[in-house]
Amino acid sequence: MAIEIGKIRNVGVVGHGGVGKTSLVEAVLFAAGAVTRLGKVDDGSTTTDFDPDEIKRKISINTSIAYCDFKGHHINIVDTPGYGDFIADARAGLRVVEAAVVVVDAVAGVQVQTEKVWKFAGEFELPRAIVVNRLDRERSDFFRTLESLGRRLKGRIVPVHIPVGEESGFRGFVDLVTQRATLYSDGKATDADIPAEAAERVKEWREKLVEAAAETDDDLLAKYLEEGSLAEAEMLKALRAGISQGKIVPVLCAAATKGIGSQALLDLIVHEFPSPLDRGEVGGTDLKAKQAGARGPDAKAPVSALVFKTLSDPHIGKLTLFRVYSGTLRADSTLLNPGRGAKERMGHVSWLQGKTQKNVEALGPGEIGVAQKLKETQTGDTLTDEAHPFELPKITFPEPAINFAIQPKSRGDEDKISLALARIAEEDPTVHHHFDPETKQLLISGVGSLHVEMTVERMKRKYNVDVSLLPPRIPYKETVKGRAEGQGKYKKQTGGRGQYGDTWLRVEPMTRGGGFEFVDDIFGGAVPRNFIPSVEKGVRDCMKKGIFAGYPVVDMKVTLYDGSYHDVDSSDMAFQIAASMGLQKVFMDAHPILLEPVMNVEVTTPAEVAGDIIGDMNSRRGRIVGMEPSGETAVVRASVPMAEMLTYESSLRSMTGGRGGYSMEFSHYEEVPAFLAEKIVKDAKTEKEKAEKH
Ligand SMILES: Nc1nc2c(ncn2[C@@H]2O[C@H](COP(=O)(O)OP(=O)(O)OP(=O)(O)O)[C@@H](O)[C@H]2O)c(=O)[nH]1
Ligand SMILES: [Mg+2]
C-alpha cells in the first residue's frame, strides 16, 4: 500500500550533544503508539541508539531512523548525533528531510553544535522548530534559553508554548494559540485553563506571537495594525504558513524523559511542517541529456534516490539508507549507481525502526528506507532508473583534521587492518587511511580524537583486529647545505678472493624539491663503466636509509669524479659498499641539516579569541599568512610545522570552548632549527639502538 505523498513528513532531529534528541524521538514514537514502552538512553533501550558503542557510551554515534503514524500521517524521523566528531552525520541527515527539529537544553541554551546544525538547516533551506528540552532539570530556565536563541541564532524565533512550573515542578505548558494548558501528572496529560502563575507571561508572549504571524503577510499586518488583534483562525493560518515556509521558527517546551511535549511536537510536525509534495522538485543532473535537470515527487516518474547513510555489520552485512525523491523504488528491482557506474540489485527494501526492518514492496517518492547488501554503493551516492538516469548532488563530508599511526597488536594483522578500514570507510566517509611509505606507517585520519578512538573500537568489535594508536611519525628529511668531497674505499684482501672498491665523491645541495641527481664525471676509466651503476646504487641505498638521523636524504647532487679498481677483487658489491661509505663521510662534511614538513593550516574561531589563536600559532613556530574577520567568526591562516600540530585539536578546543575548527594540508619542507634538530637526531639514534637490540 503506497503512502499518499502529501501525508508524509520527514523530520531531522538535530542539536548539540546530550540535549535529549534520542530521548525526544523515543517519546514521540511512544506518544504515537509506534513503540509500546518508553525506552531510556541510560538503560540502552531506545529505538534509535541501538549500536553497542552507543549503548556503552550513552551517546548517539550514527544517524538512525524511525517512523510512526499519527493522525493519518506517516512520519519518518531521522535521529542524528550531536557530538562534534559525528556532526557530519547530522548534516547528511538534514539533506533528506523537509524540516528540522532543533533541540536545545534548557540549562545550557545555545551551544556550539546548535549553531552548526542551525547553519546546516539554513544551507538546505529547511523550516525549523526549536524544542527547549530538559525543562525539569535544576537551573533550567525557558526564558533565559529563549534569550540565548534570539542572540545566537538567525531567524524569527517565537515561542508557541509557555512552561508551567519550573525545574522539578515543571508540569506542562500553555499553548499560545489555543490559550489552553496541557498539564501532566504521572505521564498523563490533561487539558486545563491557564494557571494563574502563567497568566502574565501568556499575555505578553501571545502578543508577540500574533505580531510574528501578522508580519508574514502585508495585508494581515495592515489589518493587525488597524484593529490591534487577529482572529484565532486567521492567526493560526498565518502561523502555519509562516512556519512551513521557514519565516517563523516556533519554540516548544519539553521534558522528553517525562513524555512532556511529545504530543505537541507530533501535532506541529503534522500540521505545520511541509510534505515532500510541498517541497516539490529537486535539482540534479539529467545524465542522458547531460545537463542540469529536476525531478519531482511523482510516483510514476523514473526512480531517483539519495543514499545518506551506510551501516555495516559483520552479521547483517551492509545496510544502505536512502531517501526516494522521484518514482517508485521496488523490491527486487535493479537500479543504476551512476557515480560508480555500477548496477545494484535491490533485493528486499524496508522501512527501518531503529534496527528493526519491516519489508515493504515498494517505496514511493518522499519515503525513507533501507536496502541490504548493495555491492558498490556508498554514502552520498544516487541510485536511479537505468533507462532515465538522474544524479542528485552528492553529500559532501568534511576533510579529516587529525592523524594517528596504527600499530597492529599482533604480527601479520596488516591485511586484516586494511580490510577493516576499507569497510569502515564505506560506512563512515569521514574516516580516511593510507600507508605512508616515508615513515612506513599506516595512518588513520578522522574528525577528532574521539572519532578515531571509536573507529579503533569498531575495528576490534566488528572485525576482530586489535591495534594501538600512536602519534604519527613526522616524515623528516635529511639534506646538505654545503659542498664537500672525499674518498670512500672498501678493501678486504686477506685470504681467498678479496674485495676492492674505491670512489671519490662530491656532494652539493640542490634547490628545495630538487630530489637527487647522480653525475658520472669519470675520465680515463678510473672506475670501469660496468661499476658506475654499482656506485650509483650504493649512493641511492644509503640516501634512502638516511645518514645522520635515519630519514631519507633529498635535494642533493652526488658526483663521482675519481676512483680506482682492482682487476680481480673489484665487484659490484665492493663498489656499492665503497660508495656508501664515502657518501656517509662526505655528507657529514657538507653541513647536513634536517628538513621538516610545514602545513597550511586554516582555523575558524569565534572572533573574540582570534588573538589567542594567533599567539598560540606563534608559539608553535607558525607564521600567520592571513586573517579574515567575518562577523562573529574569524578565519586565521598560518603556515606551521607539522610537528607542532600533533596536539592542536585539544588546545583549540580549550581556547575556543569547543567552538573552533581547523583543517590542514601539506605545503612544503623547511629546515628544522638547529636546537630542535639536535634532539631529533638523538632520538633517532636511541630508537635505532633499541631496534638493533631486539
Ligand atoms: N532530566 C531530563 N533528562 C533528560 C531529558 N531528556 C533527556 N535526558 C537525559 O539526557 C541524557 C542525554 O539524552 P539523549 O537523548 O541521549 O541526548 P541526545 O541529544 O540524543 O545525545 P547525542 O545523540 O549523544 O547528542 C540522557 O541521560 C537522558 O536521560 C529530560 O527531558 N529531562
Ligand atoms: Mg542521541
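Anything mentioned here points back to the structure above.
Here is a short report on the structure shown in this document. Quantities reported herein were computed from a predicted structural model and do not represent experimental measurements.

## Focus: the environment of Pro163
Tracing the backbone shows Pro163 in strand β7 (residues 161-164). Note: C-alpha distance between Pro163 and Leu252 (89 residues apart in sequence) is 8.9 Å. Sequence-distant contacts of Pro163, that is, excluding residues within four places in its chain, are made with Phe142, Phe143, Phe170, Gly172, Phe173 and Cys253.

## Looking at the coordination of the magnesium ion (ligand 2)
The magnesium ion (ligand 2) binds to the protein through Thr22 (OG1) and Ser60 (OG); the donor distances cover 1.9 to 2.0 Å. Pair noted here: Thr22 is in helix α1 (residues 21-31) and Ser60 is in the loop between α2 (52-57) and β2 (64-70), with a separation of 38 residues, a long-range link. For the pair formed by Thr22 and Ser60, the shared burial category is buried.

## Considerations on the site of ligand 1
Around ligand 1, the structure places 20 residues, and the nearest of them are Lys21, Thr22, Ser23, Ser60 and Asp136. A distance of 2.8 Å is found between an oxygen atom of ligand 1 and a backbone nitrogen or oxygen belonging to Thr22. With respect to ligand 1, the side chain of Asp136 contributes an N or O atom lying 2.8 Å from a nitrogen atom. Counting residues per element, the shell around ligand 1 draws most heavily on α1, at three residues.

## Section: the nonpolar core
Ranked by internal contacts, the top residues of the largest apolar core, which has 107 residues, are Ile130 and Leu149. Other than its neighbours up to four places away in sequence, Ile130 contacts Val102, Val104, Trp118, Leu149, Leu153, Ile157, Val249, Pro250, Val251 and Leu252. Counting residues in hydrophobic clusters, the runner-up holds 50 residues, among them Ala401, Ala484, Val553 and Val681.

## Brief notes about the environment of Thr633
Tracing the backbone shows Thr633 in strand β36 (residues 633-641). The partly exposed category is assigned to Thr633, whose relative accessible area is 30%. It is 43 Å that separates the C-alpha atoms of Thr633 and Met510, two residues lying 123 residues apart in sequence. Excluding residues that lie within four positions of it along the chain, Thr633 makes contacts with Thr604, Thr605, Pro606, Ala607 and Glu628.

## Overview of the sheet that holds strand β25 (residues 402-408)
Strand order in the open sheet made by the four strands is β26-β27-β25-β28, with antiparallel pairing throughout. Edge positions in the sheet fall to β26 (432-436) and β28 (467-470), since each of these pairs with one other strand and no more. The average angle at which neighbouring strand axes cross in this sheet is 35°, direction not considered. As paired strands, β25 and β28 are joined by four bridges and run antiparallel to one another. Looking across to β28, one finds that Gln407 is bridged to Ser468.

## Some words on the packing of aromatic side chains
Within this structure, the stated rule accounts for nine aromatic pairs. When the centroid spacing of 5.0 Å and the interplanar angle of 20° are considered together, the rings of Phe531 and Phe575 count as stacked. Within this pair, whereas Phe531 is found in the loop between β32 (516-520) and α13 (532-545), its partner Phe575 is found in helix α14 (residues 572-589), the two being separated by 44 residues in sequence. Among the residues examined, Phe575 registers a relative accessible area of 0% and is labelled buried. In this structure an aromatic cluster arises from ring pairing among Phe142, Phe143 and Trp205. Directly above the aromatic system of Trp205 lies the positively charged group of Lys208, at a separation of 4.1 Å from the ring centroid.

## A few points about the pattern of salt bridges
Throughout the structure, instances matching the rule amount to 45 salt bridges. We note a salt bridge from Lys258 to Asp136, for which the minimum N-O separation is 3.6 Å. Here the residue Lys258 occupies a position in the loop between β11 (249-253) and α9 (262-272), and Asp136 occupies one in the loop between β5 (128-133) and α5 (142-152), the gap between them amounting to 122 residues.

## A closer look at the pairing of strand β20 (residues 356-360)
Here strand β19 (residues 349-353) pairs with β20 via five bridges, running antiparallel. Bridge pairing in β20 links Ser350 to Asn359. The turn joining β19 and β20, which pair antiparallel and follow one another in sequence, is formed by two residues; a positive phi near 65° is taken by Gly354.

## Comments concerning the environment of Thr48
Inspection of the secondary structure assignment puts Thr48 in the loop between α1 and α2. What makes Thr48 buried here is its relative accessible area of 1%. When the C-alpha atoms of Thr48 and Asn62 are compared, they prove to be 9.0 Å apart, with 14 residues separating the residues in sequence. Dropping the residues within four chain positions of it, Thr48 is found in contact with Thr22, Val25, Glu54, Ser64, Ile65, Ala66 and Asp79. A distance of 2.8 Å separates a polar atom in the side chain of Thr48 from a polar atom in the side chain of Asp79.

## So, unusual backbone geometry
Here the phi dihedral of Lys58 falls at roughly 60°; this positive angle occurs in a residue that is not glycine. Assignment of secondary structure puts Lys58 in the loop between α2 and β2. A residue is classified by how much of its surface remains accessible, and Lys58, at 41% relative accessible area, is partly exposed. With phi around 45°, Lys71 is a residue other than glycine that occupies positive phi space. Tracing the backbone shows Lys71 in the loop between β2 and β3 (73-79).

## Observations regarding the packing of helix α11 (residues 414-427) against helix α12 (residues 449-463)
Packing of α11 against α12 brings their axes to within 10 Å, and their N-to-C directions diverge by 110°. Taken together, the axes of α11 and α12 lie roughly perpendicular to each other. Considering the relative orientation of α11 and α12, their crossing is right-handed. Of the residues in α12, those touching α11 at Lys416, Ile417, Ala420, Leu421, Arg423, Ile424 and Glu427 are Thr455, Arg458, Met459, Lys462 and Tyr463. The residue inventory of the contact of α11 with α12, partitioned by class, reads six nonpolar, one polar and five charged.

## Focus on the sheet that holds strand β31 (residues 499-509)
Strand order in this open sheet of four strands is β30-β31-β33-β32, and the pairing throughout is mixed. The two strands at the open ends of the sheet, each matched to only one other strand, are β30 (484-492) and β32. Taking the axes of each pair of neighbouring strands and ignoring which way they run, one obtains an average angle of 25° across the sheet. Strand direction decides the pairing type here: β31 and strand β33 (residues 556-564), joined by eight bridges, are antiparallel. Within β33, the position partnered with Pro509 by the bridge is Met556. Against the sheet, α13 engages β31, β32 and β33, with an angle of about 155° to β32. Its contacts with the sheet place α14 against β30, β31 and β33, and it is angled at close to 35° to β31.

So, how was this worked out
- Residues numbered from 1 in each chain as written.
- Chains lettered and ligands numbered in written order.
- Predicted model: local features only at pLDDT ≥ 70, side-chain atom pairs only at ≥ 80, totals over all residues.
- Heavy atoms only, no water.
- Helix = DSSP H or I, 4+ residues; strand = E, 2+ residues; numbered from the N terminus.
- Contact = heavy atoms within 4.5 Å.
- Donors = N, O, S within 2.8 Å, 3.2 Å for Na, K, Ca; no water.
- Buried < 20%, exposed > 50% of the residue type's maximum accessible area, 1.4 Å probe, protein only.
- Near = heavy atom within 4 Å.
- Polar contact = N/O pair within 3.5 Å; in protein donor to acceptor, adjacent residues only side chain to side chain.
- Core = buried A, V, L, I, M, F, W, Y, C linked by side-chain atoms within 4.5 Å.
- Pairing = 2+ DSSP bridges.
- Axes fitted to C-alpha atoms, helices over the stretch in contact; angles between N-to-C directions.
- Phe/Tyr/Trp six-rings, centres within 6.5 Å; stacked < 30°, edge-to-face > 60°.
- Lys NZ or Arg CZ within 6 Å of the ring centre and 35° of its normal.
- Salt bridge = Lys/Arg side-chain N within 4 Å of Asp/Glu carboxyl O.
- Parallel < 35°, antiparallel > 145°, perpendicular 65-115°, else oblique.
- Left-handed = near helix turned anticlockwise from the far one by under 90°.
- Nonpolar A, V, L, I, M, F, W, Y, C, P; charged D, E, K, R; others polar.

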